[in-house]
Amino acid sequence: MAKLSFFCMINRNSQAHVIKGQGVPQNSNMAYFYLHGIILGIFATILIRTVNSTEAAYSSLFSPLCRFDLPPLPYALDDLEPFIDAATLKVHHQGHHKSYTTKLNAVLEDWIIECSEFNKNLVHILQHIEEVPLDHRKSIINNGGGFVNHNIYWAIMSPNPGKKERFPEGKLADDMNEAFGTYESFKEEFTGKALALFGSGYVWLSRKSTPKGSTLVITTTANQDSPISDGLRPILVIDVWEHAYYLKHQNIRQKYVADWWMVVDWVQVSKLDEWWVTEGSKDNKDKEERKAGKRHGEL
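Owing to the predicted nature of the structure, the values given are computational and were not obtained by experimental measurement.

About the thresholds
- Residues numbered from 1 in each chain as written.
- Predicted model: local features only at pLDDT ≥ 70, side-chain atom pairs only at ≥ 80, totals over all residues.
- Heavy atoms only, no water.
- Helix = DSSP H or I, 4+ residues; strand = E, 2+ residues; numbered from the N terminus.
- Buried < 20%, exposed > 50% of the residue type's maximum accessible area, 1.4 Å probe, protein only.
- Contact = heavy atoms within 4.5 Å.
- 1 Å grid on protein atoms, 1.4 Å probe; cavity = no way out; pocket = protein on both sides within 12 Å on 5 of 7 lines; lining within 4 Å.
- Points joined across faces, edges and corners; volume = space filled by probe spheres on them.
- Nonpolar A, V, L, I, M, F, W, Y, C, P; charged D, E, K, R; others polar.
- Salt bridge = Lys/Arg side-chain N within 4 Å of Asp/Glu carboxyl O.
- Phe/Tyr/Trp six-rings, centres within 6.5 Å; stacked < 30°, edge-to-face > 60°.
- Pairing = 2+ DSSP bridges.
- Axes fitted to C-alpha atoms, helices over the stretch in contact; angles between N-to-C directions.

1. Quick look at the side chain of serine 206
- In this structure, serine 206 sits in strand E1 (residues 201-210).
- By relative accessible area, which is 0% here, serine 206 ends up buried.
- When near neighbours in sequence (up to four residues on either side) are disregarded, serine 206 contacts Thr215, Leu216, Val217, Pro227, Leu232, Arg233, Pro234 and Ile235.

2. Brief notes about empty space enclosed by the protein
- Scanning the entire structure with this criterion turns up two cavities of 30 Å³ or more.
- Approximately 40 Å³ is the volume attributed to the largest cavity.
- Every residue along the wall of the largest cavity is listed here: Trp111, Lys120, His124, Ile125, His128, Glu131 and Val132.
- Considered class by class, the residues forming the lining of the largest cavity number three nonpolar, two polar and two charged.

3. Quick look at the pattern of salt bridges
- As enumerated under the stated definition, the model contains five salt bridges in all.
- Among the ionic pairs, aspartate 175 bridges to arginine 207, the shortest N-O distance being 2.6 Å. Residue aspartate 175 is located in helix H5 (residues 170-180), and its partner arginine 207 is located in strand E1; the two are separated by 32 residues in the primary sequence. With respect to burial, aspartate 175 and arginine 207 carry one shared label: buried.
- For aspartate 273, the salt bridge goes to arginine 207, with nearest N and O atoms at 2.8 Å. With aspartate 273 in helix H9 (residues 266-295) and arginine 207 in strand E1, this pair connects stretches of sequence that are 66 residues apart.
- The buried category is assigned to aspartate 273, whose relative accessible area is 10%.
- Each of Lys171, Asp175, Arg207 and Asp273 takes part in a single network of salt bridges with overlapping partners.

4. Quick word on the packing of aromatic side chains
- One pass over the full model with this rule turns up 18 aromatic pairs.
- Each member of the aromatic cluster is reached from another via a ring pair, and the members are Phe167, Phe180, Tyr183, Phe186, Phe190, Trp260, Trp261 and Trp266.

5. Digging into the sheet that holds E1
- Here three strands make up an open sheet; going across it, the order is E2-E1-E3 and the pairing antiparallel. Edge positions in the sheet fall to strand E2 (213-222) and strand E3 (233-239), since each of these pairs with one other strand and no more. Taken pair by pair, the neighbouring strands of this sheet meet at an average axis angle of 20 degrees, ignoring direction.
- Examined bridge by bridge, E1 and E3 share six bridges and lie antiparallel to one another. By the bridge assignment for E3, leucine 205 is matched with leucine 236.

6. A word on unusual backbone geometry
- Look at the link from glutamate 81 to proline 82: it is a cis peptide, with omega at 0 degrees.
- In this structure, proline 82 sits in the loop between helix H1 (28-52) and helix H2 (86-111).
- Its identity is not glycine, yet lysine 163 carries a phi of approximately 55 degrees, on the positive side.
- Among the structural elements, lysine 163 can be located in the loop between helix H4 (134-155) and H5.
- Residues other than glycine seldom take positive phi values, yet asparagine 223 does so here, at roughly 55 degrees.
- Of note, asparagine 223 is situated in the loop between E2 and E3.

7. A few points about the environment of aspartate 175
- The exposure class assigned to aspartate 175 is buried, which follows from its relative accessible area of 16%.
- Considered as a pair, aspartate 175 and serine 214 are 39 residues apart in the sequence and their alpha carbons are 9.2 Å apart.

8. As for the pairing of E1
- The buried fraction of E1 is high, at seven of 10 residues.
- Relative to E2, E1 is paired through 10 bridges, and the arrangement is antiparallel. The partner of leucine 205 across the bridge, within E2, is isoleucine 218.
- Between E1 and E2, which pair antiparallel in sequence order, lie two residues.

9. Details of the environment of lysine 271
- Among the structural elements, lysine 271 can be located in helix H9.
- Once the C-alpha coordinates of lysine 271 and alanine 155 are considered, the two residues, 116 residues apart in sequence, prove to be 9.7 Å apart.

Written as structure tokens, this is what we have:
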């Protein structure tokens with residue numbers, strides 16, 4: 001969050017001020033409130049731009065970090081109303097997601113001896129979970145998965161003031177038609193899995209690599225397991241843990257799922273789809289360079 005400090009010196013005992021610039025009131029009190037209004041206006045503008053320019057919550061997943069920050073929501077707590085309420089969003093983000101972030105940092109600190117020498121990103125760790133020492137593995141699955149899963153969940157939703165369902169376009173729409181026949185067929189299958197999933201977990205739309213490229217698949221995971229550990233690239237997710245909907249929808253999961261579709265932002269889903277390709281390519285290039293460096297004694 002950007003911090004802005006203003007130091008305004010105004011002699012309020014004098015009868016008038018000499019203020020350069022046209023259109024500025026010369027009266028002492030008027031000048032004071034005029035400048036105060038400008039300060040508030042500038043601060044509000046910077047605040048709005050800062051929030052709107054926040055990087056996607058998943059942007060750090062390919063970075064080799066030993067510690068992660070709880071990413072800010074890309075919208076205000078009440079922006080998803082009336083579909084997802086502010087009270088639920090607050091406890092979900094500031095309570096549950098924050099807890100996973102804190103616990104992930106704790107296990108990473110316990111596991112990694114020297115942070116400066118750590119070159120594995122969170123995607124790699126989840127893809128190769130068998131490489132994590134056994135005494136830390138379950139905690140990484142639960143808390144690393146919880147951190148990543150929520151990052152994706154926040155990123156694919158956005159406010160919907162028009163209260164009309166949005167639909168995928170372009171390549172994503174074409175791939176969806178190829179994989180499921182129609183958007184309606186995809187939505188019906190996805191919704192069915194969300195309603196049928198027993199207990200706590202997630203339903204995902206992911207890309208799965210094939211000999212000819214990739215295809216879209218719908219899968220489910222229990223608890224905080226991640227589809228990344230199954231070699232998939234998740235691009236859409238619904239959280240069906242009860243804490244995601246119980247305050248507003250109580251035990252009526254069907255109503256929550258119907259409301260969730262109204263805040264799905266297919267533009268953001270497409271951006272995430274593209275991000276996997278771009279960042280995955282960079283990550284593969286970095287790995288090859290590190291391997292080459294080790295072969296030549298550079299690292």
